[in-house]
Amino acid sequence: MQPRPSLDVVVASTAADTASTAPLVLLVLLLGLLVALVILVLVLRTRLGRRQRAAGELTAAVEKLLQGNLSADFSSSDPAEVGVLAQALERLRLSLRTAAGSRDYLSQVIASMSDAVVVTHLDGAIARVNPAAERLLGQAAAELRGQPLVNLVAPGQRSGFTLADPLARTRETAFLNGAGEEVPVAYAAAEIVADEPGAQGYVLTARNISERKVAEQRIRYLARIDALTKVPNRMQFQHLLQRAIARARRGDHRLALIYLDVDKFKEINDTFGHTAGDFCLETLTDRLRGILPDSSVVGRLAGDEFGVILDNLDPARNLRAEVVATTRLLQETIAEPLHYQGHQLYMTTSAGVALYPGDGNNVIDLIRNADAALCRAKRQGGGALDVYHADMNAATVERLMLKSRLRKAFEKNELRVHYQPKIDLRDGSIAGAEALVRWELTDRGIVLPSEFIPLAEESNMIVQIGEWVLDRVCSDYHRWQMTPVNPGRVAVNLSLRQLKQRDFISRVQEIYGKHGVSPANLELEITETTLMEDPTRTLQLLDELHNMGLQLAIDDFGTGYSSLSALQQFPISTLKIDQSFVRNATTNHDQATIVSMIIEMGHSLKLEVVAEGVETEDQLRFLRALNCDYAQGTLFGRAMAADDFRDLLRDQAGGAGRYRPLFARR
Ligand code: C2E
Ligand code: MG
Ligand code: MG
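All figures in this text were calculated on a predicted structure; none of them were measured in a lab. Per chain, the residues get numbers from 1 upward, laid out in the order the sequence is written. Starting at A for chains and at 1 for ligands, labels are handed out in the order in which the entities are written. Predicted model: local features are reported for residues with pLDDT of at least 70 only, side-chain atom pairs are reported and counted for 80 or more only, and whole-chain, interface and lining totals are derived from all residues. With hydrogens and water excluded, all non-hydrogen atoms of the structure serve as input to the side-chain values.

Asks: Account for the sheet that holds strand β5 (residues 201-208), with residues named and values stated.
Replies: A pair of strands is considered paired only if DSSP assigns at least 2 bridges between the two. Put simply, DSSP H or I for four residues or longer makes a helix, DSSP E for two residues or longer makes a strand, and each gets a number counted from the N terminus. If you walk across this open sheet you meet the five strands as β2-β1-β5-β4-β3, and the pairing is antiparallel. Each edge of the sheet is formed by a strand with only one pairing partner; in this case those strands are β2 (126-129) and β3 (171-176). The average angle at which neighbouring strand axes cross in this sheet is 35 degrees, direction not considered. In this structure, β3 lies alongside strand β4 (residues 182-192), joined through six bridges in antiparallel fashion. The residue of β4 that forms the bridge with R171 is Y187. This element, helix α7 (residues 210-224), spans β3, β4 and β5 of the sheet and lies at about 125 degrees to β4. Every axis in this analysis is a line fitted to C-alpha atoms, fitted for helices over the stretch in contact. Angles between the N-to-C directions lie between 0 and 180 degrees. Residue contacts follow a heavy-atom distance rule, with two residues in contact if any of their heavy atoms lie within 4.5 Å.

Asks: How would you sum up the site of ligand 1? Please name residues and give values.
Replies: Throughout, near means a residue has at least one heavy atom within 4 Å of the molecule or strand. Neighbouring ligand 1 are 21 residues, the closest being R438, D555, Q579, E615 and T634. Pairs of N or O atoms are called polar contacts if they sit within 3.5 Å, as long as, within protein, a hydrogen donor faces a hydrogen acceptor (for residues adjacent in sequence, only side-chain-to-side-chain pairs). Between V437 and ligand 1, the recorded distance is 3.2 Å, taken from a backbone N or O atom to a nitrogen atom. Contact between ligand 1 and D555: an oxygen atom at 2.8 Å from a side-chain N or O atom of the residue. To be clear on the numbers: accessible area is Shrake-Rupley with a 1.4 Å probe, and residue cover counts the displayed protein chains and nothing else. Surface burial for ligand 1 is 82%, taken as the share of its 790 Å² of free accessible area covered by protein chains. In this classification, Asp, Glu, Lys and Arg are treated as charged, Ala, Val, Leu, Ile, Met, Phe, Trp, Tyr, Cys and Pro as nonpolar, and every other residue, Gly included, as polar. For the shell around ligand 1, the residue count by class is seven nonpolar, seven polar and seven charged.

Asks: Tell me what's going on with the sheet that holds strand β11 (residues 349-356), and back it up with residues and numbers.
Replies: The strand order across the open sheet built from five strands is β7-β8-β6-β11-β12, with neighbouring strands paired in mixed fashion. Either end of the sheet is taken by a strand with one partner, and the two such strands are β7 (297-302) and β12 (385-387). Direction aside, neighbouring strands of the sheet carry axes that sit 20 degrees apart on average. In this structure, strand β6 (residues 254-262) lies alongside strand β8 (residues 305-313), joined through seven bridges in antiparallel fashion. Its bridge partner lying in β8, I258 is registered against V308.

Asks: Which residues make up the coordination of the magnesium ion (ligand 3), and what are the values?
Replies: Only nitrogen, oxygen and sulfur atoms count as donors, using a 2.8 Å cut-off from the metal that widens to 3.2 Å for Na, K and Ca. Water is left out, so coordination shells may look unfilled. Looking at the metal site, the magnesium ion (ligand 3) is ligated by D555 (OD), D556 (OD), E612 (OE) and E612 (OE), spaced 2.0 to 2.4 Å from it. Sequence positions of the donors to the magnesium ion (ligand 3) reduce to the motif D-D-x55-E. The distance between the magnesium ion (ligand 3) and the magnesium ion (ligand 2) comes to 3.8 Å, and D555 binds to both of them. Separated by 56 residues along the polypeptide, D556 in strand β18 (residues 551-557) and E612 in the loop between β20 (608-611) and α23 (617-625) bring together distant segments of the chain.

Asks: I'd like a description of the coordination of the magnesium ion (ligand 2), backed by residues and values.
Replies: In the first shell of the magnesium ion (ligand 2), the protein supplies E434 (OE), N493 (OD1), E525 (OE) and D555 (OD), at 2.0 to 2.3 Å from the metal. Read in sequence order, the donor residues coordinating the magnesium ion (ligand 2) give the pattern E-x58-N-x31-E-x29-D. Throughout, exposure labels follow a simple rule: accessible area from a 1.4 Å probe, protein chains only, divided by the maximum for the residue type, with under 20% read as buried, over 50% as exposed, and the rest as partly exposed. Judged by relative accessible area, N493 falls into the partly exposed class, the value being 27%.

Asks: How would you sum up helix α8 (residues 234-251)? Please name residues and give values.
Replies: The end-to-end C-alpha distance of α8, which contains 18 residues, comes to 25 Å, matching closely the 26 Å that a straight helix rising 1.5 Å per residue would cover. Regarding α8, the residues found buried are Q236, F237, L240, L241, A244, I245 and A248. Residues of α8 that are buried sit in contact with α7, β6, β7, β8, β11 and α12 (363-379). Positive backbone phi, at 55 degrees, marks D252, one or two positions downstream of α8. Helix span is expected to be 1.5 Å times the residue number reduced by one.

Asks: Can you break down the nonpolar core residue by residue, with the values?
Replies: Taken as a class, soluble globular proteins show a tendency for nonpolar side chains to be buried jointly. The term nonpolar core refers to a set of buried residues drawn from Ala, Val, Leu, Ile, Met, Phe, Trp, Tyr and Cys, joined through side-chain atoms within 4.5 Å. Core analysis: the largest hydrophobic core is formed by 91 residues, its most contacted members being Y419, W439, V473, L545, L623, F636 and F645. A total of 11 residues in this core trace back to one element, the largest contributor, which is helix α15 (residues 461-482). Domain assignment of the residues forming this core places at least three in each of domain 3 (216-392) and domain 4 (408-664). Counting residues in hydrophobic clusters, the runner-up holds 31 residues, among them L288, V298, L338 and L345. Segment limits for the domains were obtained from an automatic or database-derived domain assignment.

Asks: An account of the pairing of strand β17 (residues 522-527) is needed here, citing residue identities and associated values.
Replies: Most of β17 sits inside the fold, with five of its six residues counted as buried. Here β17 runs beside β18; their pairing, made up of five bridges, is parallel. Counted as the bridge partner of T527 is D555 from β18.

Asks: Run through the packing of α15 against helix α17 (residues 504-514), naming residues and quoting values.
Replies: Remark: α15 packs on α17, axes separated minimally by 8 Å, with the N-to-C direction vectors making an angle of 25 degrees. By the criterion of interaxial angle, the relationship of α15 to α17 is roughly parallel. Classified by chirality, the crossing of α17 by α15 is right-handed. Residues E467, L470, D471 and C474 of α15 form the contact with α17, whose participating residues are R507, V508, I511, Y512 and K514. For the contact of α15 with α17, a count of residues per class yields five nonpolar, no polar and four charged. Oblique is the label for any angle not under 35 degrees, not over 145, and not in the 65 to 115 range, which are roughly parallel, roughly antiparallel and roughly perpendicular in turn. Handedness of each helix crossing follows the sense of rotation of the near helix against the far helix: counterclockwise by less than a right angle gives left-handed, clockwise gives right-handed.

Asks: Could you give an account of the pairing of β5, with specific residues and numbers?
Replies: As paired elements, strand β1 (residues 116-120) and β5 share five bridges and run antiparallel to each other. The residue bridging V117 from the neighbouring strand is T205, located in β5. As paired elements, β4 and β5 share eight bridges and run antiparallel to each other. Residue pairing across strands places A190 opposite V203, the latter belonging to β5.

Asks: Any details on the environment of G602? Residues and values, ideally.
Replies: Residue position: G602 is located in helix α22 (residues 589-604). Judged by its relative accessible area of 0%, G602 falls in the buried class.

Asks: Give a description of the packing of aromatic side chains that names residues and reports values.
Replies: When we look at a pair of aromatic rings, we describe it by the centre distance and by the angle of the planes. Under the pairing criterion, centres of Phe, Tyr and Trp rings, with the six-membered ring standing for Trp, must be within 6.5 Å; the plane angle then separates stacked pairs below 30 degrees from edge-to-face pairs above 60, leaving the rest tilted. Scanning all chains against the criterion turns up 10 aromatic pairs. Measuring from centroid to centroid gives 6.3 Å for F161 and F175, while their planes differ by 65 degrees, and the two rings are edge-to-face. Here the residue F161 occupies a position in the loop between α6 (141-144) and β3, and F175 occupies one in strand β3, the gap between them amounting to 14 residues. Note on accessibility: F161 and F175 belong to one class, buried. Between Y419 and F645, the aromatic rings sit 6.1 Å apart at their centres with planes inclined by 20 degrees, giving stacked as the arrangement. On the criterion of sequence distance, the pair formed by Y419 in strand β13 (residues 415-424) and F645 in helix α24 (residues 642-653) is long-range, its members being 226 residues apart. There is no split in this pair, since Y419 and F645 are both buried. Aromatic rings pair up to connect Y419, Y477, W480 and F645 into one cluster.

Asks: Please set out the packing of α7 against α22 residue by residue, giving values where relevant.
Replies: In the contact formed by α7 and α22, the axes pass within 10 Å of each other and the chain directions differ by 140 degrees. Considering their axes alone, α7 and α22 lie oblique with respect to each other. The crossing of α7 and α22 is left-handed. Together, R212, A215, E216, R218, I219, L222 and A223 of α7 and D590, T593, I594, M597, I598, M601 and S604 of α22 make up the contact between the two elements. Residue composition of the contact of α7 with α22, by class: eight nonpolar, two polar and four charged.

Asks: Describe the pattern of salt bridges, naming the residues involved and giving the relevant values.
Replies: One side-chain nitrogen of Lys or Arg within 4 Å of one carboxyl oxygen of Asp or Glu is enough to make a salt bridge. The final tally for this structure, using the stated rule, is 32 salt bridges. Residues R320 and D359 are paired through a salt bridge, measuring 3.3 Å at the closest nitrogen-oxygen approach. Taken as a pair, R320 in helix α11 (residues 319-335) and D359 in the loop between β11 and α12 lie far apart in primary sequence, 39 residues in all. Among the ionic contacts, a cluster of salt bridges with common partners joins R472, D476, R479, D643, R646, D647 and R650.

All quantities given are derived from atomic positions and should not be read as evidence of function.
So, in structure tokens, the structure goes:
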């Protein structure tokens, strides 16, 4: 716009100076006006052209945007020329690009996931699947789309299948793939919350767990079946006995328990070697199975000790005489000569018999009484048989006495809590402890918990003892915290009866609250059997405990009968491998397999794994090689008094960790 003022100045000064040159001035003035007009037209044309061009670019860019092309650039448009519209469009484009970028990114992530992802509409019909879901279900996305997802769940699993789980818990089910085969999966489902009704529905992620299932079955097999004779081991035998008793009770029939023990088995081993001993035990099992009806059970209870359950006996018959006759037949058959590497071997057995319900109406009593009969038979030399009768059992009297002494001891505050250190297997540091109750009798020495806890469990005493233990632990923990040591997390064993208490949660809360101990410093140990006793109620309880900040551990894992999938529903963070597996892990291939499988499975479920009963450096090396997380055992020390545990922690804090040398040697 510069030319106009300068022209005016020129015109004004020219008019003031010379009035005489008027015609010339007029001419110059006209010329000036003409020039100004030309310039004005030129300027206006330029501006108009630019504005038209900008509007054209804008239209083209909007067109591109509408076609989903997010590369159209609005930033070059002159904002002063096309107004705020261009700025707004540019912002819109950038935010669309971000959203589309995230969407593409998400799609890529979902497509590349190894877990199957299935998106359904609200009615459960499949809307989208990723390639992993196509592989898992053995069908292409196009075939899957529109099918109700529940139709792909194996018929036997449909009632337990759900997409609507507000907590999106991991569950297990089985899908049917395109070939009609069942594929076991772990899955979690969640609702898609969206304003737009078309976008609402569910998203399910699933993982094929066939391998884990096979491994789990193998663990269970190895844990229940005796590796040498392939018959149930002691644990499984007792479980089967329990079931047989329950059936007998319902069906009003009888059963017999026969205990057999090989006479002087040690001599066979010592004279002919262990392979000969093994051969004898295998032959014995075969012979037993050869005579007994299919409904009976044979189990190996210990090295040379076997059990037989005779099921479905008719109450109307003379059972005692019949069972005695069968047992004699078993003993005679076993006593027939055996041929081993050119040697002729003879094996005799002693036998004890107890009948249900006359000689005991529960597993514990029946076993104890068959055992008492066996003991008496053995005292007669070899090859004898004895049937239980009531006066045989001084042990019963002893038990009753012990029970009443336990009550008195508890009332007089004579029980103690000891702490067994839990060691971090990465570096040998103390990560916490397990609280174990102790009872010492002046005339008898230490009474083991395995002896008196079952007694306490028969009455409500275990509830009081359990509460007292937790109270002691919290009080000790509080004292330790006063000193500059970090006690880590302390585990307390829970019994089923405690969990059954109606106000269990509030009692636990009250105890740790009273001592000012954080629940995060406590772990509750529960056995598999306890967990599965009343899973629905237990789940609710454990959820509450977990939400309060307490950690939960499965104790004696491997000895129960639940499947990992059943255990998965509980908010568990720790798996403790039972010491019976750890004990022989370095010498017995099957036990080693069980331990390594449990560790692997535990880790795949994001659980910390603790090995119990570590006694040797070999076991320690073995567990460390398998990346087991923690260990307890006599290698690191038995359970000790609270002050001794504190001293141990102090040593560690002062740099003199007692277990470090064990970890220096790899
Ligand atoms: P658990 O919870 O599995 O405890 C581990 C047991 O293994 C303890 O036996 C411990 O002393 C023993 N142990 C630890 N390291 C080794 C080792 O290296 N070798 C061997 N052979 N054994 C080892 P304990 O103290 O006799 O307790 C036996 C069971 O009694 C416990 O098994 C637990 O189920 C129960 N129990 C102990 N204290 C309590 C309690 O306060 N409440 C309840 N409800 N049960 C308890
Ligand atoms: Mg325990
Ligand atoms: Mg245990």
